[in-house]
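Chain by chain, the residues:
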Amino acid sequence: MPLYTSQHLKIYNSLSGEKENFNPIHEGNVGMYVCGPTVYSNVHLGNVRTFMSFDIIFRYFLHLDYKVRYVRNITDVGHIVDDVDEGEDKIAKKARLEQLEPMEIVQRYTVDFHDILKSFNFLPPSIEPTATGHIIEQIEIVKKIIDTGIGYEANGSVYFDVVKYNETNNYGVLSGRNIEDMLSNTRDLDGQSDKRNPQDFALWKKAEPQHIMRWPSPWSDGFPGWHLECTAMSTKYLGNHFDIHGGGMDLKFPHHECEIAQNEACTGQSPVNYWMHANMLTLNGKKMAKSTGNNILPGEILSGENTILSKPFSASVARFFMLQAHYRSILDFSDDAIVAAEKGYKRLMEALDTFETITPGSTSSIDIASWKQLCYDAMNDDFNTPILIAQLFEAVRYINLLKEKKETITADDLKTLSTTLHAFLFDVLGLKDEKADTNNDKLEGAVTMLIEMRNQARADKNFALSDQIRDQLIALGINLKDGKEGTSFSI
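Residues numbered from 1 in each chain as written. Predicted model: local features only at pLDDT ≥ 70, side-chain atom pairs only at ≥ 80, totals over all residues. Heavy atoms only, no water.

J.: Honestly, the overall build of the protein in this entry has me stumped. Any pointers?
T.: Summing up its helical and strand segments, the protein has 16 helices and 15 strands in all. Principal axes of the C-alpha set define a box for the protein whose edges measure 85 × 65 × 45 Å. The buried share among the 491 residues of the protein stands at 49%. Considering only intrachain contacts with a sequence separation of at least 6, the fraction spanning at least 24 residues in the protein is 73%. For the protein, the accessible surface area stands at approximately 23,300 Å², while carbon and sulfur atoms represent 48% of it. Of the side-chain charges in the protein, 49 are positive and 68 negative, and the distance between the mean point of each set is 4 Å. (Helix = DSSP H or I, 4+ residues; strand = E, 2+ residues; numbered from the N terminus. Buried < 20%, exposed > 50% of the residue type's maximum accessible area, 1.4 Å probe, protein only. Contact = heavy atoms within 4.5 Å. Areas by Shrake-Rupley, 256 points an atom, 1.4 Å probe, with all protein chains shown as cover. Lys, Arg positive; Asp, Glu negative; His and termini not counted. Charge placed at Lys NZ, Arg CZ, Asp CG, Glu CD.)

Put into structure tokens, the structure is as follows:
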């Protein structure tokens, strides 16, 4: 039986403001969409924390034996500076400042995004679509919204009429905002805007002559509004109604609110069962901002090239630090906090080495089955990683007591303890045992040195030494393969 049949997961739904039982639309399957980055700069640490939250969620669903389609987009057009409808596209602005093509900017920072997430041991999503790759789908959605009477064209641009939509729907259902309050707190349009109402948002924008990124449409040569891409890509790959939509807390309004409105106007139904939002990351108690210098990039944590931390920290330590707070809580990053996290991480990894020293007995004085369920209970409670980590440290306490022979454990329970600890540390939390990685690096370095010595021996026609190196490596289970591009090895 799949593991999910014996576990009862609850998810905090931003739409209801409550924890709800998770019931997927299709049994055994999960459809999850997460808003990805706008690729106009290096991914910042707050982004990493948000995407890590959903990496954990993705991993736990897989651990529970669900079949998951995880879609995370790349925004490569349409995101205007300051998240408004008028102004300059973020990517186009960066391209202008650096005198590059916009797609050069997109490529550079998409590669950076992938490199950083890989270094932090993220699982790749099932699908990673781009906004520019779905222009046709976005145009078709605009046509449908115009046909409902909620979308309207003005001077080549198309806008979503929030007031008309609100006559039959609830604009503000996710954020808890009231349309009347929003309108009363907004200045009247100055006559230069094409919008009917200040709260209306762009579905399609006519491109100004200097705007490089543009596509033909029935209304003008232009580009899609920022909110439209996620509606197009989520429904294309997950259907008009799917399980989970996630993102950072800052996207709840207006981005996700506008997504709901677009979907309901286009399909006549609410798009998502569970809306999930990850909270922000602060640095030394203050908001991170490049302009004030209170900022650190993910790569700078790993390299130590910064003025904030006392030394470099590994990706697993940084990951472990972030997972010590619940994804819906604000997390403050500081040198003291990550130093403490490093000590805790090392305690967990060292405990794994102790299993080999434990001799099982005929009885167990520790209730391993209950401890195992407590680990699942933590994750079933809205993916509560800090409570899970507390249970993993409880396992460390058990291991130390067993090592000191103050408790007893059967062979079966010892195996359950070991496999459960490994599963949650590595499969669910996505940590890596750096000692093992370091040992692998050392082994690779040693074998590479022996290959170079063997190559030199062959060049010197010292075939006896060359064969001796090869044969001794084979005896150790290391096989060499000579090819046109040199010698490689496998274990």
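J.: Can you help me understand the sheet that holds strand 4 (residues 67–72) in this one?
T.: Pairing between the strands of a sheet is mediated by backbone hydrogen bonds and can be parallel or antiparallel. Taken together, four strands build an open sheet; the order of strands is 4-3-9-10 and the sheet is parallel. In this open sheet, the two strands that pair with only one neighbour each are strand 4 and strand 10 (272–278). Pairs of neighbouring strands in the sheet enclose a mean axial angle of 20°, with direction left out of account. Looking at chain direction, strand 3 (residues 29–34) and strand 9 (residues 242–248) are connected through three bridges and run parallel. Following the sheet pairing, Tyr33 is matched in strand 9 by His245. Of the strands in this sheet, strand 3, strand 4 and strand 9 are in contact with helix 7 (residues 226–238), which crosses strand 3 at around 165°. (Pairing = 2+ DSSP bridges. Axes fitted to C-alpha atoms, helices over the stretch in contact; angles between N-to-C directions.)

J.: Before we go on, may I ask you to explain the nonpolar core in this structure?
T.: In terms of nonpolar packing, the biggest core is built from 135 residues, with Phe61, Phe160, Tyr171, Phe333, Phe383 and Leu392 touching the most fellow members. With ten residues, helix 1 (residues 45–63) is the largest single contributor of residues to this core. Leave out the neighbours within four places in its chain, and Phe333 touches Leu45, Leu281, Thr282, Leu283, Asn284, Ile296, Ile301, Leu309, Phe321 and Ile338. Listed in part, the six residues of the second largest apolar core include Ile451, Leu473, Ile478 and Leu480. (Core = buried A, V, L, I, M, F, W, Y, C linked by side-chain atoms within 4.5 Å.)

J.: Explain the sheet that holds strand 12 (residues 286–287) here, please?
T.: One open sheet accounts for three strands, arranged 12-11-13; its pairing is mixed. A strand with exactly one partner marks an edge of an open sheet, and here the two such strands are strand 12 and strand 13 (331–333). Where strand 11 (residues 281–283) and strand 12 come together, two bridges link them in antiparallel fashion. Bridge pairing in strand 12 links Leu283 to Lys286.

J.: Could you clarify how one ought to interpret the packing of helix 1 against helix 10 (residues 315–323) in this entry?
T.: What describes two packed helices is the angle between their axes and the distance between those same axes. Interhelical geometry of helix 1 versus helix 10 gives an angle of 80° and a closest axis separation of 11 Å. Relative to helix 10, helix 1 is oriented roughly perpendicular. Of helix 10, the residues touching helix 1 (which contributes Leu45, Val48, Arg49, Met52, Asp55, Ile56 and Arg59) are Arg319, Met322 and Leu323. Among the residues making up the contact of helix 1 with helix 10, the classes are represented as six nonpolar, no polar and four charged. (Parallel < 35°, antiparallel > 145°, perpendicular 65-115°, else oblique. Nonpolar A, V, L, I, M, F, W, Y, C, P; charged D, E, K, R; others polar.)

J.: Explain the UniProt feature "binding site: Zn(2+)" (unreviewed entry) in the protein to me, please; I cannot follow it from the model alone.
T.: Under the present numbering, the feature "binding site: Zn(2+)" (unreviewed entry) in UniProt falls on Cys35, Cys230, His255 and Glu259. In terms of the greatest pairwise C-alpha distance, the residues named above, spread along 225 residues, form a tight cluster of at most 11.2 Å across. With respect to the helices and strands, the residue Cys35 is situated in the loop between strand 3 and helix 1. Owing to a relative accessible area of 6%, Cys35 belongs among the buried residues under this scheme. If near-sequence neighbours (up to four positions away) are discounted, Cys35 is found in contact with Phe51, Asn73, Cys230, His245, Gly246, Leu251, His255, His256 and Glu259. Its location among the elements puts His255 in helix 8 (residues 252–267). Not counting the four nearest positions on each side in its chain, His255 is found in contact with Cys35, Trp226, His227 and Cys230. (UniProt positions renumbered as here; feature names shortened; annotations may be inferred.)

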